[in-house]
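Read off the chains here:
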Amino acid sequence: MTGKNARHNAFLRLVSGNGAAFGSESRYSLTSKEVVIGRDPSCQVVLDAMMYRMVSRRHAVVRPVASSVDNTFSWVLCDLNSANGTYLNGQRLYGCQELHAGDRISLGADGPEFLFEYAVAPQPTVITNQASPLPSAKNSPQKPDSVSFTQLFPIISTGKDLTRKAYLVPGILTVVFVVLMFATVGRPQANQVIVATYIALAAYYFIYQLCGKPKPWWVLVGAALTTTLILLSPILNLFIYIFRVVLPGDVPAVDQPVNSLTELFVGYFFGAGLMEELLKALPILAAYLIALGLPSPWRERIGIWEPLDGILLGTASAVGFTLLETLGQYVPAASIQAGTDVGLQVLIARILGLPAGHMAYSGYLGYFIGLAALKPRHAKQILAVGYLSAAALHALWNTAGHSNNLLLVVVGVLSYAFLMAAILKARALSPTRSQNFATRFLDNK
């Protein structure tokens, strides 16, 4: 219904976040008076001061503008010189702009979000021009060139954004590890452990951010520790006997001559690819089986229900495997032969190459384990393809080590690309895609 006897009933609805002081439905009906949104108790829409520190005390205002043609209202949104800005449909607002149905208002780049809605309803009383004309930035309570307290001391207003968007936790860990590195100068073995652990955590954090699915840290650490314990247990000897004695997995050392690369590839396929990828997959399979007997929500938090779960636990398992193999085998051997400096060089190269090495193979296999859990009817086919593919990539890398550095680069890039492709496909297949922080980040670009 339109015309002189009609008006628009407008609403602000909170669609992201909570803590607004206008009822359990998070909906505020707009009238002929302006509505100020902020943390100050005097605002018409009050947001929780502890929860939304990125929101200014008086952040933004919605003002009515009466039409002289059909006696209806329109509304404009104005930023009140807020510290973190007001965003309209993803674009930062400067001054004022008219609102339309479906517009999204964000207080800060990633703060609480409101949806502007309106409906046409009968209005028998003719409304005169009670509202002010379209305001400009000059009408804002604060002058555009004024400086607020939170602008002078930004740390006061950042709130949760400091931990969620400013990489505070990685920064803290970096400082801690730097101090530990200084503290262990002159003690090569302790220093190597600290350096290796830090680089491995940085590499894993990179993969975790790409996956975008929250997983309890203790589950991930548990996968890495489980793999480490397996390597230190008699299980390793059993694997070596099966894959390198019973099966044709025995290969010569890197500095020994080989008959052909094909024969070498076959040996590495059984003795490194199939053996080590199955070993690193044991924590993933254990998490899947353990979670089956747990009640919700523990079942979902711990278990393997989709490809992203498998990738996260597979790459965590690879971290444990690489750290023990590097610190327990390769670094000591290099240090004995050529000195501590060479041992440190080997350490950095092996750990820094995780995303294109053990992480790539184990994460790729983890994708298929999660896919099998998501599509159990095709589990055998999925697991066979994943296991053989991961083993082949692993064997190809080891074989390239007997050839030349250019081939190593090609295989490393290929392995990294396989892992990245698996992560992208896993995010697309994820049943919880809407909650994925990596997907939301990319979609907002």
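What you see is a predicted model, and the numbers here were worked out from it, not measured in a lab.

1. A word on the state of the cysteines
- Considering all chains together, one arrives at one disulfide under this definition.
- Bridging Cys 78 to Cys 96, the disulfide has an S-S length of 2.1 Å. On the S-S bond that ties Cys 78 to Cys 96, the torsion sits near 115°, and the link is right-handed. With Cys 78 in strand E6 (residues 73-79) and Cys 96 in strand E9 (residues 96-98), this residue pair connects regions lying 18 residues apart in the sequence.
- Here Cys 78 falls in the buried class, since its relative accessible area comes to 0%.

2. Regarding the packing of helix H10 (residues 307-338) against helix H12 (residues 358-374)
- One way to put it is that H10 packs onto H12 with a least axis distance of 7 Å and a crossing angle of 150°. If you check the angle between H10 and H12, you find them roughly antiparallel. Handedness of the H10/H12 crossing: right-handed. Here Pro 307, Gly 310, Ile 311, Gly 314, Thr 315, Ala 318, Val 319, Phe 321, Thr 322 and Glu 325 of H10 come into contact with H12, specifically with His 358, Met 359, Ser 362, Gly 363, Gly 366, Tyr 367, Gly 370, Leu 371 and Leu 374.
- Considering only residue class, the contact of H10 with H12 consists of nine nonpolar, nine polar and one charged.

3. Section: the layout of surface pockets
- Approximately 1300 Å³ is the volume attributed to the second largest pocket.
- What lines the second largest pocket is a set of 38 residues, and nearest its centre among them are Glu 325, Gln 329, Tyr 330, Arg 350 and Asn 398.
- Put simply, the parts of the chain that give the lining of the second largest pocket at least two residues each are helix H7 (234-246), helix H8 (261-292), H10, helix H11 (340-352), H12, helix H13 (379-400) and helix H14 (405-429).
- Among the elements that make up the lining of the second largest pocket, the one with the highest residue count is H10 (eight residues).

4. What to know about the packing of aromatic side chains
- According to the stated counting rule, one finds 12 aromatic pairs in the structure shown.
- Members of the aromatic cluster, connected to one another through ring pairs, are Tyr 364, Tyr 367, Phe 368 and Phe 418.
- The aromatic ring of Phe 321 is capped on one face by Lys 280, whose charged end is 5.3 Å from the ring centroid.
- The ring of Tyr 330 has Arg 350 lying over it, and the distance from NZ or CZ to the ring centre is 4.0 Å.

5. Quick word on the packing of helix H4 (residues 168-183) against helix H5 (residues 188-211)
- Their axes nearest at 9 Å, the elements H4 and H5 cross at an angle of 165°. In terms of orientation, H4 and H5 fall into the roughly antiparallel class. Crossing of H4 against H5: the hand is left-handed. Contacts from Pro 170, Thr 174, Phe 177, Leu 180 and Met 181 of H4 reach H5 at Asn 191, Ile 194, Val 195, Thr 197, Tyr 198, Leu 201 and Tyr 205.

6. Here's the deal with the pattern of salt bridges
- Scanning the entire structure with this criterion turns up 10 salt bridges.
- The partner of Arg 13 in a salt bridge is Glu 117, with the nearest N and O atoms 2.9 Å apart. Of this pair, Arg 13 sits in strand E1 (residues 6-16) while Glu 117 sits in strand E11 (residues 113-122), and the two are 104 residues apart along the sequence.
- Residue Arg 13 is classed as partly exposed on the basis of its relative accessible area, which comes to 29%.
- Across the pair Arg 63 and Glu 34 runs a salt bridge, and its minimum N-O distance is 2.6 Å. Of the two residues, Arg 63 sits in strand E5 (residues 60-66) while Glu 34 sits in the loop between strand E2 (27-29) and strand E3 (35-38), which places them 29 residues apart along the sequence.
- Take Arg 63: its relative accessible area is 8%, and that puts it in the buried class.
- Take Glu 34: its relative accessible area is 35%, and that puts it in the partly exposed class.
- If you follow the salt bridges from partner to partner, you end up with Lys 213, Lys 215, Glu 306 and Asp 309 in one network.

7. What about the pairing of E5?
- Burial runs high along E5: seven of the seven residues are buried.
- With burial as the criterion, each face of E5 is covered, one bearing Ala 60, Val 62, Pro 64 and Ala 66 and the other bearing Val 61, Arg 63 and Val 65.
- Note: E3 against E5, three bridges, orientation antiparallel. Paired with Val 35 across the strands is Val 62, a residue of E5.
- Across seven bridges, the pairing between E5 and E6 is antiparallel. Looking at the pairing, Pro 64 lines up with Trp 75 of E6.

Criteria and thresholds
- Residues numbered from 1 in each chain as written.
- Predicted model: local features only at pLDDT ≥ 70, side-chain atom pairs only at ≥ 80, totals over all residues.
- Heavy atoms only, no water.
- Disulfide = S-S within 2.5 Å.
- Helix = DSSP H or I, 4+ residues; strand = E, 2+ residues; numbered from the N terminus.
- Buried < 20%, exposed > 50% of the residue type's maximum accessible area, 1.4 Å probe, protein only.
- Axes fitted to C-alpha atoms, helices over the stretch in contact; angles between N-to-C directions.
- Parallel < 35°, antiparallel > 145°, perpendicular 65-115°, else oblique.
- Left-handed = near helix turned anticlockwise from the far one by under 90°.
- Contact = heavy atoms within 4.5 Å.
- Nonpolar A, V, L, I, M, F, W, Y, C, P; charged D, E, K, R; others polar.
- 1 Å grid on protein atoms, 1.4 Å probe; cavity = no way out; pocket = protein on both sides within 12 Å on 5 of 7 lines; lining within 4 Å.
- Points joined across faces, edges and corners; volume = space filled by probe spheres on them.
- Phe/Tyr/Trp six-rings, centres within 6.5 Å; stacked < 30°, edge-to-face > 60°.
- Lys NZ or Arg CZ within 6 Å of the ring centre and 35° of its normal.
- Salt bridge = Lys/Arg side-chain N within 4 Å of Asp/Glu carboxyl O.
- Pairing = 2+ DSSP bridges.

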